[in-house]
Every structure is written in structure tokens, then in C-alpha cells.
Amino acid sequence: MSDPTAEAMERWWRTELIDMKPGIIRFRGYAIEDLIGRISFSAMIWLMLRGELPSEGQADLLGAALVAAVDHGPQAPSIAIARMAATCGVGINSAMASAINALGDVHGGAGQQAMELYDTIAARIADGASVEGAAHAEIGERLAAKRLIEGFGHRFHPTDPRAPRLLALVEEARVAGLVSGRYAEIGVAVEAALESLKGRRLPMNIDGATAVIYSELGFPSALGRGLFILSRSVGILAHTWEQTQQGGRIKGPAPTSVGYGYDGVAPRPLEQGR
Ligand SMILES: CC(C)(COP(=O)(O)OP(=O)(O)OC[C@H]1O[C@@H](n2cnc3c(N)ncnc32)[C@H](O)[C@@H]1OP(=O)(O)O)[C@@H](O)C(=O)NCCC(=O)NCCS
């Protein structure tokens, strides 16, 4: 006799990702014992998100983008948050979650937004515009609307050392026939359009470059931030662990000797009788 509760549960959670029964763990049809030791972590990410195994070259290119964005120093808000939380008596998981929760549209989200920008320019190209013309028109409209162009510009690096290296890998992949190179072309055209419209160079940054790779590899833009978080989580964990080993209690964003600015009302007496 069938168990109505078990049947209801089977209908409730439907997944194509994993088949797990006593003694059996299969991802997308592959037995875990076959995958272990034979595929890289980036290939595993691809398999889970895309349903099929990538070629070695595709997995390597994805891995390169994931390596590139692992960390950007303790002044990045997410990393600072991880380190501060690590001194507050919470566990490593809470410190990591605190950091990841700060990765939003402004901090950490530029890669996904750059992927969306590239898709918009790709649509203009599909409508008949040249790559340069499409980039110039789209960037012109966005700048006129006072919008920032995500994936370009950097506070510290005149040239972000990660971007040219990642683009060189995309070019190698294009020559090897692994990617089309169209998103790299779009990214470079955006950089040129920005320079001509702003009158100054705003170089492609890590988010603009990883966006090129994720788009070239066929990931939908909606996955951009999640992929960034997979990468940055490595740095977040490492900083959390380093801070845990260094010790420290209730560490704030700056040494207490530095202070902060107070803009409130001047000292005043509390009225009698209150
Ligand atoms: C990273 C970033 C915050 C650096 O900003 P910044 O320190 O103010 O940059 P700069 O001092 O080099 O540039 C200042 C000028 O360039 C403009 N600018 C900088 N980056 C720009 C961008 N991506 N799109 C449009 N204009 C930009 C600023 O608005 C400012 O213009 P103004 O002089 O006309 O007022 C900025 O480039 C940015 O927001 N980029 C987009 C988001 C992004 O990619 N974030 C991920 C960073 S790794």
C-alpha cells in the first residue's frame, strides 16, 4: 500500500540535482564516488549549476575567475565585517554569514550588473548595431541618466591587475574554440566608450572581467552575484580564521584612538522635573 505522506513529500521537494538514498549519492546522474578525485571543484560547480560536466578548458576558465576574486583586503567591507564578527564571540559560520550578507548591489554586486549590461549591449548588436556603436549608445544613455557603469573604474588600481590577465585567458579560450569572444569584445568596447564619453580612462575592474568570463561561459546574469560569493567566501573564511587565531575582542572598524565625527546637538542640560 502506498504511503500518502511519502508521496506528498516526493511531490513537495522536486530536484534534478541530487539522487540520495541509503548507500547512493548521485549528482546529475553521476555517482559521487566516480566524481571524487576525478573532477575539479570548479567542474563540480558547473555540473551542479548547468547540469552537464564542463570540458577541462571551460572548468579551468571558470576556476580562473573564481581564483581572481577571492580577496581584496581587510578594508573591503565584507572582509572587515567578517573580521569584526570573529572577535564578537560568534562562530565562524556567523562571521561568514555576516560578511556575505553585506554583499549587495553596491559591494559585490557589480559583476552581475556588468553581465546584465553586456546582455543589453548584445541585444543591441543582435538588432544590427556594431559592437562599438552598441556600447557607445548604451553607455552614453546610462551616463546621461547619471548611472554608474558597473565593472569599470577602481578606487585603488589605475589598472586592475586581474582584468588584463583574465582577458588574456579568455583570448586563449577563444583561440582554442572554447568561447566566442563576443563578451570580451563587448567589455573592451565599453571601456573604450567610457573613455571617449568621460574623457578619462575608467579601466575594467575585477567585476567587469569576471562578468566577461561568466557570460562567455554561458552563465545567466542572475547567477553573477552567487558566483562572486562562492569565490569571495574563500577570502572571508581565511580572514575569519586568521582573526580568530590573532584573537582580539569586540574589534571595531578603527582603533578606538581614532574616534569619529560627531554632528549632533551641543551638550545641553536636561530640564528640571523630567
Ligand atoms: C569603483 C568606484 C567606486 C571608484 O569610484 P571613484 O573612486 O569615485 O572613482 P574615480 O575617483 O576614479 O572617478 C571619479 C569620477 O569618475 C566617475 N566614475 C568612476 N567610475 C565610474 C563608472 N564605473 N561609471 C561612470 N562614471 C564613473 C565618477 O562618477 C567621477 O566622475 P566625476 O569626476 O565626473 O564626478 C567606481 O568606479 C564605481 O562605482 N564603479 C562601478 C561599480 C563597480 O564596478 N564596483 C566594483 C569595484 S571593484
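One numbering rule holds for all chains: residues counted from 1, following each sequence as written. Confidence filtering applies because this is a predicted model: local features only for residues at pLDDT of at least 70, side-chain atom pairs given and counted only at 80 or more, and all residues used for totals across whole chains, interfaces and linings. In computing side-chain properties, one takes all heavy atoms of the structure into account and sets aside hydrogens as well as water.

### Structural notes on the packing of helix α5 (residues 77-86) against helix α12 (residues 224-246)
Describing two packed helices takes the angle between their axes plus the distance from one axis to the other.
For step 1, the next point in the chain: With axes taken as lines fitted to C-alpha atoms, and helix axes fitted only over the stretch in contact, angles between N-to-C directions fall between 0 and 180 degrees. Only DSSP runs of H or I with at least four residues qualify as helices, and only runs of E with at least two residues qualify as strands; both kinds are numbered from the N terminus onward. Relative orientation of the contacting elements α5 and α12 amounts to 35°, with a least axis distance of 8 Å. Crossing of α5 over α12 shows right-handed handedness. Where α5 abuts α12, its residues S78, I79, A82, R83 and A86 lie against R232, G235, I236, H239, T240, E242, Q243, T244 and Q246.
For step 2, the next point in the chain: Residues are grouped as follows: nonpolar covers Ala, Val, Leu, Ile, Met, Phe, Trp, Tyr, Cys and Pro; charged covers Asp, Glu, Lys and Arg; every other residue, Gly included, is treated as polar. Split by residue class, the contact of α5 with α12 holds four nonpolar, seven polar and three charged. Each crossing is labelled by how the near helix is turned from the far one, with a counterclockwise turn of less than a right angle marking it left-handed and a clockwise turn marking it right-handed. By definition, residues are in contact when any of their heavy atoms lie within 4.5 Å.

### A word on the site of the ligand
For step 1, the next point in the chain: Around the ligand, the surrounding shell holds 15 residues, and the nearest of these are I149, G151, F152, R200 and N205.
For step 2, the next point in the chain: One of the side-chain N or O atoms of R200 is found 3.0 Å from an oxygen atom in the ligand.
For step 3, the next point in the chain: Note that an oxygen atom of the ligand is positioned 2.8 Å from one of the side-chain N or O atoms of N205.
For step 4, the next point in the chain: Expressed as a share of its isolated accessible area of 860 Å², the protein-covered part of the ligand is 63%.
For step 5, the next point in the chain: Both cavities and pockets are sets of points on a 1 Å grid over the protein atoms alone; in a cavity a 1.4 Å probe fits but cannot get out, in a pocket the set is open with protein on both sides within 12 Å along at least five of seven lines, and lining residues sit with an atom within 4 Å of a point. Put plainly, a molecule is in a cavity or pocket when over half of its atoms are within 2 Å of the grid points there. In this structure, the ligand is accommodated by the largest pocket.
For step 6, the next point in the chain: Grouping the amino acids of the shell around the ligand by side-chain chemistry returns six nonpolar, four polar and five charged. Residues are labelled near a given molecule or strand when at least one of their non-hydrogen atoms is within 4 Å of it. Polar contacts, as used here, are pairs of N or O atoms within 3.5 Å; protein pairs need one atom able to donate a hydrogen and one able to accept it. Residues neighboring in sequence count only if both atoms are side-chain atoms. Accessibility throughout is a Shrake-Rupley quantity obtained with a 1.4 Å probe, and a residue counts as covered only by protein chains that appear here.

### A few points about the domain arrangement of the chain
How large an interface is tends to be reported as the accessible area lost when its parts come together.
For step 1, the next point in the chain: By the assigned domains, the chain splits into domain 1 (15-44) and domain 2 (110-224).
For step 2, the next point in the chain: As annotated, the domain borders come from an automatic or database domain assignment. Between domain 1 and domain 2, the C-alpha centre-to-centre distance is 34 Å.

### What to know about the side chain of R83
For step 1, the next point in the chain: Its place among the elements puts R83 in helix α5.
For step 2, the next point in the chain: A polar contact is formed between the side chain of R83 and the side chain of Q246, at a distance of 3.0 Å.
For step 3, the next point in the chain: Every residue in contact with R83, bar those within four places of it in the chain, is listed here: P74, H239, E242, Q243 and Q246.

### Considering helix α10 (residues 182-198)
Since there are 3.6 residues in each turn of an α-helix, residues three or four apart along the chain are aligned in direction.
For step 1, the next point in the chain: One less than the residue count of a helix, multiplied by 1.5 Å, gives the span that helix is expected to have. Compared with the 24 Å implied by 1.5 Å per residue over 17 residues, the 24 Å span of α10 between its first and last C-alpha is a close match.
For step 2, the next point in the chain: Three or more residues of α10 are buried, namely Y183, A184, I186, G187, A189, V190, E191, A193 and L194.
For step 3, the next point in the chain: Buried residues in α10 make contact with α7 (110-126), α8 (131-144), α9 (162-175) and α11 (206-216).
For step 4, the next point in the chain: Backbone geometry just downstream of α10 places G199 in the positive-phi region, at approximately 75°. Only protein chains enter the area calculation, which uses a 1.4 Å probe; residues under 20% of their type maximum are buried, those over 50% are exposed, and those in between are partly exposed.

### Focus: the layout of surface pockets
For step 1, the next point in the chain: Taken as a whole, the largest pocket holds about 1100 Å³ of empty space.
For step 2, the next point in the chain: Lining the largest pocket are 35 residues, with V106, G153, H154, R155 and N205 sitting closest to its centre.
For step 3, the next point in the chain: At the level of elements, α7, α10, α11 and α12 are the ones that each hand at least two residues to the lining of the largest pocket. Grid points are joined across faces, edges and corners, and a volume is the space filled by probe spheres set on the points.

### Some words on the environment of G37
For step 1, the next point in the chain: Along the polypeptide, G37 turns up in the loop between α2 (32-35) and α3 (41-50).
For step 2, the next point in the chain: Residue G37 is classed as exposed on the basis of its relative accessible area of 80%.
For step 3, the next point in the chain: For the pair formed by G37 and G57, sequence separation is 20 residues and the distance between their alpha carbons is 18 Å.

### With respect to the pairing of strand β1 (residues 18-21)
For step 1, the next point in the chain: Whether two strands pair depends on DSSP finding at least two bridges between them. Pairing between β1 and strand β2 (residues 24-27): four bridges, direction antiparallel. Bridge assignment links M20 to a residue of β2, and that residue is I25.
For step 2, the next point in the chain: What sits between β1 and β2 in their antiparallel hairpin is a turn of two residues, with G23 showing a positive phi close to 80°.

### Things to note about the environment of P253
For step 1, the next point in the chain: Of note, P253 is situated in the segment after α12.
For step 2, the next point in the chain: Spatially, the C-alpha atom of P253 lies 19 Å from that of G104, the residues being 149 residues apart in sequence.

### A closer look at the sheet that holds β1
For step 1, the next point in the chain: Overall, antiparallel pairing links the three strands, which are arranged β1-β2-β3 in an open sheet. Of all strands in the sheet, those with a lone pairing partner are β1 and β3 (30-31), marking the two edges.

### Here we look at the pattern of salt bridges
It is possible for side chains of opposite charge to pair when their charged atoms get near one another.
For step 1, the next point in the chain: Criterion for a salt bridge: a side-chain nitrogen of Lys or Arg within 4 Å of a carboxyl oxygen of Asp or Glu. Across all of its chains, the model carries 10 salt bridges by this definition.
For step 2, the next point in the chain: Note that E141 is salt-bridged to R124, the shortest N-O span being 3.0 Å. With E141 in helix α8 and R124 in helix α7, this residue pair connects regions lying 17 residues apart in the sequence.
For step 3, the next point in the chain: Its relative accessible area of 24% is what places R124 among the partly exposed residues.
For step 4, the next point in the chain: The closest approach of N and O atoms between D160 and R162, which form a salt bridge, is 2.9 Å.
For step 5, the next point in the chain: With a relative accessible area of 1%, D160 lands in the buried category.
For step 6, the next point in the chain: Because the salt bridges share partners, they merge into one network encompassing R124, E138, E141 and R142.

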